[in-house]
Amino acid sequence: MNLAELNRVATAMVAPGKGLLAADESGGTIKKRFDAIGVESTEENRRDYRELLFRTTKAMHDHISGVILFDETIRQKAADGTPLVKVIEQTGAIPGIKVDKGAKPLPFCPGETITEGLDGLRERLIEYRELGARFCKWRAVIDIGAGIPSHDAINSNAHALARYAALCQEQDLVPIVEPEVLMDGDHTIDRCEAVTMWALKTVFQELYYAKVNLEGMVLKPNMVLPGAKCATQVPDEEIAEKTIRVLKDCVPSAVPGIAFLSGGQSDVEATARLDAMNKLGGVPWHLTFSYGRALQHAPQVAWSGKTDNVTAAQSAFSHRAEMNGLAALGKWTADIEKQAA
Ligand code: 5MM
């Protein structure tokens, strides 16, 4: 394990004003996204769409530190034959790869899941490194509901995240550790706060047992939010304060950076809340984004599968990347959002 190299890559992933593009939708998820814009999910369409994002060169160079890819994409070539990994590297961004095999039902825990993919992971990591990946991602999913999460769901998922993270570092790949507490449901923000704290405390305990070096990882958590169906929604400032409070309580300062997921928030909400956290400041880590939907929704709608729309889609992506770059510095405002749009 090369600790200096792991820390160098982890630090670059959360460089000031930059964040991660989560483009690692698996087959089912990208089909859902394409269905929403009336595009058939063929290998060529997936390649064309992702290539248009990666060829948005200025935005990629200025605001995107790295891209999380899916297995299919890390092996694909652009229309001109250049490997997509090279297209990404040419912009200055770092290629990464999702290595989990998805969330599967957890036995005897109805409604809960365990993320699978540990068997054979060492061999897969060796291949991904050869293909150009320098970091990895594994997402654990924690649902809030009546009587859940259970201890089993929290503990099993934290243990799997730690085993994954240790395997990554053994192969000189930076692990993104993503325990996502879902915003589905009608729970309050206080319940989300308690569950997020439980999940993060357990994850860092397991990372310690697994001897994971905290300086060579990136945390990808949810923000502390009320459930999407909760009757009491709250201002962005409260979300920022509660999220920071939980993180300060759970995340050691050795971790170089925290890159939030957007989790179904609207794109502007995800930007505004990241900005609110950075305006609060006073934390030992860089706070940035690792957004999928909040970076891609606008370009997907603008593209809608038509070659004529590629420029419009790239403008939409540039705009969101720029707004999130500002939010990562605490320099975004609603006025800039409107003017730049
Ligand atoms: C891009 O979506 C990722 C992969 O999802 P599936 O494995 O379910 O297809 C997802 O893990 C994503 O990287 C994170 O949840 C962040 O994306 P959002 O859209 O929540 O910002």
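Reading the values: the criteria
- Residues numbered from 1 in each chain as written.
- Predicted model: local features only at pLDDT ≥ 70, side-chain atom pairs only at ≥ 80, totals over all residues.
- Helix = DSSP H or I, 4+ residues; strand = E, 2+ residues; numbered from the N terminus.
- Rg over C-alpha atoms; globule rule 2.2 N^0.38 Å.
- Buried ≥ 20, exposed ≤ 12 C-beta atoms within 10 Å, placed from the backbone.
- Contact = placed C-beta atoms within 7 Å.
- Pairing = 2+ DSSP bridges.
- Near = placed C-beta within 6 Å.
- Nonpolar A, V, L, I, M, F, W, Y, C, P; charged D, E, K, R; others polar.
- Expected span 1.5 Å × (residues − 1).
- Right-handed = clockwise from strand over helix to strand, strands pointing away.
- Axes fitted to C-alpha atoms, helices over the stretch in contact; angles between N-to-C directions.
- Parallel < 35°, antiparallel > 145°, perpendicular 65-115°, else oblique.
- Left-handed = near helix turned anticlockwise from the far one by under 90°.

Participant: Sorry, what's going on with the overall build of the protein here?
Facilitator: If you tally the helices and strands in the protein, you get 14 helices and 10 strands. Taking 20 Å as the expected radius of gyration for a compact globule of 341 residues, we find that the protein reaches 19 Å, a close match to that expectation. Across its three principal axes, the protein shows a C-alpha extent of roughly 50 × 45 × 40 Å. Counting over 341 residues, the protein shows a buried share of 50%. Long-range contacts, defined as pairs at least 24 residues apart, comprise 80% of the intrachain contacts of the protein with a sequence gap of at least 6.

Participant: Would you mind showing me how to read the sheet that holds strand E8 (residues 218-219) here?
Facilitator: One key point about sheets: their strands pair by backbone hydrogen bonds, in either a parallel or an antiparallel sense. As summarised here, the arrangement of the eight strands in space is E1-E2-E3-E6-E7-E8-E9-E10, forming a closed barrel in which the pairing is parallel. Two strands pair when backbone bridges link them, and strand E9 (residues 257-260) and strand E10 (residues 286-291) are joined in this way by four bridges, in the parallel orientation. Counterpart to Phe260 in the pairing with E10 is Phe289.

Participant: How should I be thinking about the site of the ligand in this particular structure?
Facilitator: Around the ligand lies a shell of 16 residues, among which Ala22, Thr29, Ser262, Gly292 and Arg293 are the nearest. When the residues that make up the shell around the ligand are grouped by side-chain class, the tally is five nonpolar, six polar and five charged.

Participant: What am I meant to see in helix H9 (residues 189-209) here?
Facilitator: Because each turn of an α-helix spans 3.6 residues, side chains separated by three or four positions in sequence point in the same direction. Taking 1.5 Å of rise per residue, the 21 residues of H9 would be expected to cover 30 Å, and the 30 Å separating its terminal C-alpha atoms lies within 8% of that figure. All of the buried residues in H9 are Ile189, Cys192, Val195, Thr196, Ala199, Leu200, Thr202, Val203, Phe204, Glu206 and Leu207. In the core, the buried residues of H9 are packed alongside strand E6 (135-142), helix H8 (151-170), strand E7 (174-181) and helix H10 (236-250). Trailing H9 by a residue or two, Lys211 shows a phi angle of about 65°, which is positive.

Participant: Which parts of the structure should I look at to understand the pairing of E6?
Facilitator: For a regular strand, side-chain orientation follows a simple rule: the groups alternate between the two sheet faces. The element E6 is extensively covered by neighbouring structure, given that seven of its eight residues are classed as buried. Pairing between E6 and E7: eight bridges, direction parallel. In the strand pairing of E7, Arg139 is matched with Glu178. Where the polypeptide runs from E6 across H8 and back to E7, its parallel neighbour, the crossover connection is right-handed.

Participant: Got a minute to help me understand the packing of H9 against H10 in this structure?
Facilitator: Two quantities define a packed helix pair, namely the angle between the axes and the distance from one axis to the other. Running from N to C, H9 and H10 point in directions that differ by 25°, and their axes come no closer than 9 Å. As the angle between them shows, H9 and H10 are arranged roughly parallel. The hand of the H9/H10 crossing is right-handed. Where H9 approaches H10, its residues Ile189, Glu193, Thr196, Met197, Leu200, Lys201 and Phe204 are matched on the opposing element by Lys242, Val246, Asp249 and Cys250. For the contact of H9 with H10, a count of residues per class yields six nonpolar, one polar and four charged.

Participant: Whenever I open this one, unusual backbone geometry confuses me. Can you help?
Facilitator: If a residue is not glycine, its phi is most likely negative; likewise, a peptide bond is most likely trans. Following Ile148, the chain continues into Pro149 via a peptide bond in cis, with omega recorded as 10°. With respect to the helices, strands and loops of the structure, Pro149 is situated in the loop between E6 and H8. Unusually for a residue other than glycine, Phe108 sits at a positive phi of about 65°. Along the chain, Phe108 falls in the loop between strand E4 (103-105) and strand E5 (113-115). Here the phi dihedral of Asp172 falls at roughly 60°; this positive angle occurs in a residue that is not glycine. Overall, the presence of 16 C-beta atoms within 10 Å leaves Asp172 in the partly exposed class.

Participant: Before we go on, may I ask you to explain helix H13 (residues 310-327) in this structure?
Facilitator: Helix length check: H13, at 18 residues, gives a terminal C-alpha distance of 26 Å against a target of 26 Å (1.5 Å per residue), a fit within 8%. For H13, the set of buried residues is Ala313, Gln314, Ala316, Phe317, Arg320, Ala321, Glu322, Met323, Asn324, Gly325, Leu326 and Ala327.

Participant: Sorry, what's going on with the packing of helix H7 (residues 121-130) against H8 here?
Facilitator: Two elements in contact, H7 and H8, have axes whose closest approach is 10 Å; the angle formed by their N-to-C orientations is 45°. If you check the angle between H7 and H8, you find them oblique. The handedness of the crossing between H7 and H8 comes out as right-handed. Where H7 abuts H8, its residues Leu121, Arg122 and Leu125 lie against Tyr164, Leu167 and Cys168. Of the residues contributing to the contact of H7 with H8, the split by class is five nonpolar, no polar and one charged.

By themselves these figures say nothing about function.
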